[in-house]
Amino acid sequence: MDLNTLVQEAQRLNNETQYTEELPRANRTISHVLQATNELHTRVTQSEASDLQAQMLLGSKGIDLPKISQKLESLNARNLLVTLDPISETDVPNFLKNEKENVILSILEEVNRNAFQSTQKRKWEQLKAKWREDKVRIMNALRGPTQNWVHVEKLPEQTVINETVGLRSCLNNVEIAYAQEVYDYNVKVIKGALRPNLVQKFSEVAKNFQDTNVCDIWEIMKYMVDVTPVPRHRDPLQSRTQIKQFVEQAKKYLEDRYKLYMSTILSSNLREAQRGGIPGTFNLVSAFVELNFNKSNCFCLQDVNTDGRPLWPMVYYCLRCGDMQSALRCLLMGGAGHEDFIQLLKDKINKPGQQINSKLEGQLKLHYFNKIKTSIDPYKKAVYCIVIGCDINDQHVEVARTTDDFVWIQLSILRHEAAENVESLTYSGLQFMILEKYGEKHFNANEQQHLYFKVLSLTGQFEAAIEFLARSEKYRAHAVHIGLALNEMMLIQGPRSVEEPLLSVDIKDSVPKRRLNLARLIMLYVKKFEMTDPAETLQYYYFLRNLNDSDGRNLFLVCVSRLAIECRNYDLLFGKMMPNGVPSGGLLQQFDCVNFDSRTVAKIVADELVRKGMFEDAIKLYDLANMQSYSLRYLSLLLSQVVHQTSKKGSLRERLASLVTEYSERLRGSRMECEAQIVVTFNLLNELISFFDHYHDCKYQLALEILEKTKLVPFSVGELEESLNIFKGLGTEICKVYPDILLAKMDILYSQYKMLKRKDTGILNSGSDTRLQHLRQQAKAITNMAAAIPYRMPGDTNRRLMQTEILMN
């Protein structure tokens, strides 16, 4: 039979069917049913899968979900919290009721607003802290140049090399040698002894490294710091510009080096040099000129002296060796025609540091530009420029064959005070020329790091020199210790904030001054070994004791706290609390002085650990900080979460139980001063440890004896009132574990009940009946206690208690 025939037969049967009033006639045909089915299928398939499942589930229980949804949508929850309008004041009961409801609604609204504001505040604080950490991590990872960045917007004496950490030291021989000197220096500072010269100490250490460049670097620093001490209240950058000694010391270094170079050349050519005579600069220069200048290379030189040697090379090399007196001697031997120049030299020799005759100097400058500038003798031009400080753009390439020569000439021609309408080179101008105009590329700094460092240091740019040297792995350790030494001598300047880049520009400083972030330099250096060598790390952090972070906290304390939290070796850093209540000395104890207390650091670290939720670590540190109330409070807080658990080896409960035993011994010895409520809570938890231990070991009688002494749980209906009053005075730590106490007590009673029932032969004697009745009374007292206490029981505690009581009846 096909489908059409089936449809026709169904329609015929429908027409022939007899209907009564009780059963109405069907008005829909098969086609109508099919159409309705399609419509229903369309509505169902357009609904969400979860809505469909909900309708099917609730529909099977006779619930009309669409109708309920319409009712819920019609409700307006906001209207329920609208402040009620006061009614007539003559209706006192309704007025008071209205006012009461208004107060409740206003409190709810205020609590909601405060909670929202507090949540927003904490969210932004966490976000900003995360941003700061990411910023520091990114900037620490950048090893490239940062000079153009502008910021917008341990009781026993500890050895320097600690061998108790358990990890292999990450320090190499160079770093170990420096660390030993740092340790010795800090010991003297802490004791208040006379501070040694760190540059001198480090330079002596550097001699053992067998590296000529490193020795040269420290030799430069020895010359540059040999100046009048800078007062601590003055800006080092400003002082460096004003103190002429920095220029004189740089020239002295270059001049001494050149005399050594000349002596070396002559020593290797003794036969040709024919030095002879009395040792001195004049004879040294004479032999050097005799060796290097002969008839074949003197065609461009002018004038000779009485000995037949070229005059101006003699004068130049005497000046290059820093001996102006010998230069004057050469000019006097050169004959007439140089009277004004000789007079100027005499004034410089006889009146050092005084203002030179401006009229005489002006005449010589005019003479230079009229005649000398066009001379073919490069040495004569160089001597005039050096002595009278003119023609600053002439590089004198025929004379200045090395970088040292170039720097010496520039230092010689600069003037500390620029004259009006006269082109002159100032100290700041020379620094700008070296750092900005020429820069690293000109001096091939990537290949010759020590050379570029020398140029920057000799021109008084210590911050840029240290930052450049610190970029190189080979010289980083040396750069860090140069920074430490100069900082102790108040010769370098730091930025306004320790969050600045390693080298930064301050908008208030003149060009091209830079500021060195010593804190970042030290942190980058110790990052390599802070986990393996905390003893050495603390020595370097001690140099940050006079700095504050962006929140105003002492940077030394902040760094020590961070180190303690990261390495978690608190016993090494802070020491251990001995059984007699006296802490043993840790690494930090060596820094204890008027301005520093290791207990203060322990408290800071403990507070941070609490903020991170690391309560177990915080307990020990609060104890070391002599804050036993905090130790017992957090110990009780942790213990309340695990005291009801089974003790397992190595578990948190086992570790806390060991701490509880230690604290209990000290409490008995009256070595702690704590709040009474904290001690009561701690002692109760101590008793509960023993109770649950016996309970899990099925030693029920011992467990009940301990619990009965605490009076926490009634052992009869008559003790209910007493236990209830005791409960009202309990701390939250005991209240939290109270449901587990009730369940354990009920489980013990039920176990004893089953044991008595098993021993029963079927006919209860009076003794057995009495004991069973006593157990039932105790069970009833427990359920009554659970119902009476003002504490919301978690989960199904009440149901489990009631079920157990029913089983015992």
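The rules behind each value
- Residues numbered from 1 in each chain as written.
- Predicted model: local features only at pLDDT ≥ 70, side-chain atom pairs only at ≥ 80, totals over all residues.
- Heavy atoms only, no water.
- Helix = DSSP H or I, 4+ residues; strand = E, 2+ residues; numbered from the N terminus.
- Buried < 20%, exposed > 50% of the residue type's maximum accessible area, 1.4 Å probe, protein only.
- Areas by Shrake-Rupley, 256 points an atom, 1.4 Å probe, with all protein chains shown as cover.
- Expected span 1.5 Å × (residues − 1).
- Contact = heavy atoms within 4.5 Å.
- Patch = residues over 30% accessible without salt bridge, like charges linked within 9 Å, V, L, I, M, F, W, Y side chains within 5 Å.
- Salt bridge = Lys/Arg side-chain N within 4 Å of Asp/Glu carboxyl O.
- 1 Å grid on protein atoms, 1.4 Å probe; cavity = no way out; pocket = protein on both sides within 12 Å on 5 of 7 lines; lining within 4 Å.
- Points joined across faces, edges and corners; volume = space filled by probe spheres on them.
- Nonpolar A, V, L, I, M, F, W, Y, C, P; charged D, E, K, R; others polar.
- Core = buried A, V, L, I, M, F, W, Y, C linked by side-chain atoms within 4.5 Å.
- Disulfide = S-S within 2.5 Å.
- Polar contact = N/O pair within 3.5 Å; in protein donor to acceptor, adjacent residues only side chain to side chain.
- pLDDT = per-residue confidence, 0-100.
- Axes fitted to C-alpha atoms, helices over the stretch in contact; angles between N-to-C directions.
- Parallel < 35°, antiparallel > 145°, perpendicular 65-115°, else oblique.
- Left-handed = near helix turned anticlockwise from the far one by under 90°.
- Phe/Tyr/Trp six-rings, centres within 6.5 Å; stacked < 30°, edge-to-face > 60°.

## Some details on the overall build of the chain
Line of reasoning, step 1. Along its length, the chain carries 37 helices and two strands.
Line of reasoning, step 2. Out of the 809 residues in the chain, the part that is buried amounts to 43%.
Line of reasoning, step 3. For the chain, the computed accessible surface area is about 45,000 Å², with 52% contributed by carbon and sulfur atoms.

## Regarding helix α31 (residues 652–668)
Line of reasoning, step 1. Taking 1.5 Å per residue as the helical rise, α31 with its 17 residues ought to reach 24 Å, and the 24 Å between its terminal C-alpha atoms agrees with that figure.
Line of reasoning, step 2. Within α31, burial applies to R653, L656, A657, L659, V660, Y663, S664 and R666.
Line of reasoning, step 3. Lining the buried residues of α31 we find α29 (615–624), α30 (628–642) and α32 (676–696).

## A closer look at a nonpolar patch on the surface
Line of reasoning, step 1. There is a patch of nonpolar side chains on the surface, built from V103, I107 and V111 and spanning about 250 Å² of accessible area.
Line of reasoning, step 2. Among the structural elements, I107 can be located in helix α6 (residues 92–141).

## Brief notes about empty space enclosed by the protein
Line of reasoning, step 1. Considered as a void within the structure, the second largest cavity measures approximately 110 Å³ in volume.
Line of reasoning, step 2. L237, R240, Q431, G460 and K513 are, among the 13 residues lining the second largest cavity, the residues nearest its centre.
Line of reasoning, step 3. Going through the elements one at a time, α10 (236–242), α20 (427–442) and α22 (462–470) are the ones with two or more residues in the lining of the second largest cavity.
Line of reasoning, step 4. For the lining of the second largest cavity, a count of residues per class yields five nonpolar, four polar and four charged.

## A closer look at the nonpolar core
Across soluble globular proteins, you tend to see nonpolar side chains buried next to one another.
Line of reasoning, step 1. Within the largest apolar cluster, 215 residues are counted, with the highest numbers of intra-cluster contacts made by Y316, Y540, F574, L688 and Y738.
Line of reasoning, step 2. Ranked by residue count, the leading element in this core is helix α35 (residues 732–759), at 12 residues.
Line of reasoning, step 3. Other than its neighbours up to four places away in sequence, Y316 contacts Y379, A382, V383, I386, V399, W408 and I409.

## Notes on unusual backbone geometry
Line of reasoning, step 1. The omega torsion across V511 and P512 is 5°, close enough to zero to call that bond cis.
Line of reasoning, step 2. Secondary-structure assignment places P512 in the loop between β1 (503–504) and β2 (515–516).
Line of reasoning, step 3. Backbone geometry at D391 places phi at a positive 50°, although glycine is not the residue there.
Line of reasoning, step 4. Examined against the element boundaries, D391 turns out to sit in the loop between α18 (378–388) and α19 (403–413).

## A closer look at helix α16 (residues 339–350)
Line of reasoning, step 1. Here α16 contains 12 residues, and its C-alpha end-to-end distance of 16 Å stays within 8% of the 16 Å for a straight helix at 1.5 Å per residue.
Line of reasoning, step 2. Within α16, the full set of buried residues consists of F341, I342, L344, L345 and D347.
Line of reasoning, step 3. For α16, the secondary structure elements touched by its buried residues are α14 (311–320), α15 (324–333), α17 (358–370) and α18.

## Here we look at the state of the cysteines
Linking two cysteines covalently through their sulfur atoms gives a disulfide.
Line of reasoning, step 1. Using the criterion set out here, one finds zero disulfides in the structure.
Line of reasoning, step 2. The thiol of C390 is unpaired, and the distance to the nearest cysteine sulfur, on C385, comes to 4.3 Å.

## Concerning the environment of R515
Line of reasoning, step 1. By the element assignment, R515 lies in strand β2.
Line of reasoning, step 2. A sequence separation of 23 residues divides R515 from I492, and the C-alpha atoms of the two residues are 7.7 Å apart.
Line of reasoning, step 3. A distance of 2.9 Å separates a polar atom in the side chain of R515 from the backbone oxygen of G494.
Line of reasoning, step 4. Reaching out from R515, the side chain makes a polar contact with the side chain of D509 at a distance of 2.6 Å.

## Some words on the environment of K201
Line of reasoning, step 1. The residue K201 is located in helix α8 (residues 198–206) in this model.
Line of reasoning, step 2. For the pair K201 and V182, spaced 19 residues apart in sequence, the C-alpha separation works out to 9.4 Å.
Line of reasoning, step 3. Contact partners of K201, with chain neighbours within four places excluded, come to E181 and P196.

## Considering the pattern of salt bridges
Line of reasoning, step 1. The final tally for this structure, using the stated rule, is 32 salt bridges.
Line of reasoning, step 2. In this structure, E175 engages K528 in a salt bridge whose closest nitrogen and oxygen atoms are separated by 3.0 Å. Here E175, found in helix α7 (residues 173–191), pairs with K528, found in the loop between α24 (518–526) and α25 (534–541); they are 353 residues apart in sequence, far enough to count as distant.
Line of reasoning, step 3. Residue classification places E175 among the buried residues on the basis of a relative accessible area of 6%.
Line of reasoning, step 4. Overlapping salt bridges, with partners in common, bring together D216, R257, D404 and K454 in one network.

## Comments concerning the confidence of the model for the chain
Line of reasoning, step 1. Taken over all residues, the pLDDT of the chain has a mean of 83, while the share at 70 or more is 83%.
Line of reasoning, step 2. Throughout residues 143–165 the model reports pLDDT below 50, and contacts reaching past four residues in sequence, or to other chains, amount to 66 contacts.

## Section: the packing of helix α9 (residues 212–224) against helix α11 (residues 245–267)
Line of reasoning, step 1. In contact at an axis separation of 8 Å, α9 and α11 are set at 135° when each is read in the N-to-C sense. As far as their axial angle goes, α11 and α9 are oblique. Helix-helix and strand crossings are classified by hand; for α9 and α11 the assignment is right-handed. Packed against α9, whose contacting residues are D216, E219, I220, Y223 and M224, the element α11 presents F246, Q249, A250, K252, Y253, D256 and R257 at the interface.
Line of reasoning, step 2. Class assignment of the residues belonging to the contact of α9 with α11 gives a composition of six nonpolar, one polar and five charged.

## Brief notes about the packing of aromatic side chains
Any pair of aromatic rings gets described here by the distance separating the centres and the angle formed by the planes.
Line of reasoning, step 1. Using the criterion set out here, one finds 40 aromatic pairs in the structure.
Line of reasoning, step 2. Ring geometry for F288 and Y317: centres 5.2 Å apart, planes at 75°, overall edge-to-face. Here the residue F288 occupies a position in helix α13 (residues 281–292), and Y317 occupies one in helix α14, the gap between them amounting to 29 residues. A single burial state applies to F288 and to Y317, both of which are buried.

## A closer look at the environment of G362
Line of reasoning, step 1. Looking at the element boundaries, G362 is found in helix α17.
Line of reasoning, step 2. Accessibility expressed as a relative area gives 34% for G362, which makes it partly exposed.
Line of reasoning, step 3. For the pair G362 and I388, spaced 26 residues apart in sequence, the C-alpha to C-alpha distance is 8.6 Å.

## With respect to the side chain of H481
Line of reasoning, step 1. Counting through the fold element by element, H481 comes out in helix α23 (residues 476–488).
Line of reasoning, step 2. Here the side chain of H481 touches Y540 through a polar contact of 2.7 Å, side chain to side chain.

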